[in-house]
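# Chains, contacts and geometry: an overview
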Amino acid sequence: MRVPRSRSQRKVYVKTPGGKTTIHYRYKKHKFAKCANCGSTLKGVPNKRPNEMKKLPKTKKRPSRPHPHLCSQCMRKGIIKEARKND
Ligand SMILES: [Zn+2]
């Protein structure tokens, strides 16, 4: 059985048809992208491993609106703040 040398994979206990319980190693889930202002999870940004993210087109990696690193509420507040500053 292949045992990983690093902690990048997690253990999963799997019951085989013969009744034995064996350990399988699966990659850990990635954390969701966070808003740079409030820290809430960003919608429309997948949480995949870097090699899977590389295969995705750019349009599927971030929302197509201004300030994609902010959540929609923070973006809205920021835009209003900027507009009021100019007056
Ligand atoms: Zn936010």
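Calculation rules
- Residue indices begin from 1 for each chain and proceed along its sequence in written order.
- For this predicted model, a pLDDT threshold of at least 70 governs which residues receive local features, and a threshold of 80 or more governs which side-chain atom pairs are given and counted, while totals over whole chains, interfaces and linings are taken from all residues.
- Domain boundaries shown here were taken from an automatic or database domain assignment.
- Starting at the N terminus, helices and strands are each numbered in turn, a helix being any DSSP run of H or I of at least four residues and a strand any DSSP run of E of at least two.
- Here a helix's expected span is defined as the number of its residues, less one, multiplied by 1.5 Å.
- Buried residues are those with 20 or more other C-beta atoms within 10 Å of their own C-beta, exposed residues have 12 or fewer, and partly exposed residues lie in between; C-beta atoms are placed from the backbone.
- Distance between backbone-placed C-beta atoms decides contact: two residues are in contact if it is within 7 Å.
- Paired strands, in this sense, are two strands between which DSSP finds at least two bridges.

## Looking at the domain arrangement of the chain
Here the chain is described as being made up of domain 1 (1-30) and domain 2 (32-86). Here domain 1 and domain 2 have C-alpha centroids that lie 34 Å from each other.

## Considering helix α2 (residues 72-86)
With 15 residues, α2 ought to run about 21 Å at 1.5 Å a step, and its terminal C-alpha atoms sit 22 Å apart, in line with that. Sparse coverage of α2 is indicated by the burial of zero of its 15 residues.

## Side note on the environment of F32
Residue position: F32 is located in the loop between β2 (21-27) and α1 (50-55). For F32, a count of 12 C-beta atoms within 10 Å translates into the label exposed. The sequence separation of F32 and N47 amounts to 15 residues, and the corresponding C-alpha distance is 5.2 Å. Leave out the neighbours within four places in its chain, and F32 touches T41, L42 and N47.

## A word on the pairing of strand β1 (residues 9-15)
Residues in a regular strand point their side chains to alternate faces of the sheet. Burial runs low along β1: only zero of the seven residues are buried. One ladder, built from seven bridges, connects β1 with β2; its direction is antiparallel. Each residue of the ladder has a partner; that of K11, found in β2, is Y25. Where β1 folds back onto β2 in an antiparallel hairpin, the turn is made up of five residues, including G19, whose phi is positive at roughly 100°.

## Details of the environment of H30
With respect to the secondary-structure elements, H30 resides in the loop between β2 and α1. In the structure, H30 is positioned 18 residues away from K48 in sequence and 6.1 Å away in space, judged by C-alpha atoms. Leave out the neighbours within four places in its chain, and H30 touches N47, K48 and R49.

## Focus on the environment of A36
Positionally, A36 belongs in the loop between β2 and α1. Judged by the 13 C-beta atoms lying within 10 Å of it, A36 falls in the partly exposed class. Spatially, the C-alpha atoms of A36 and C71 are 8.1 Å apart, while their sequence positions differ by 35 residues.

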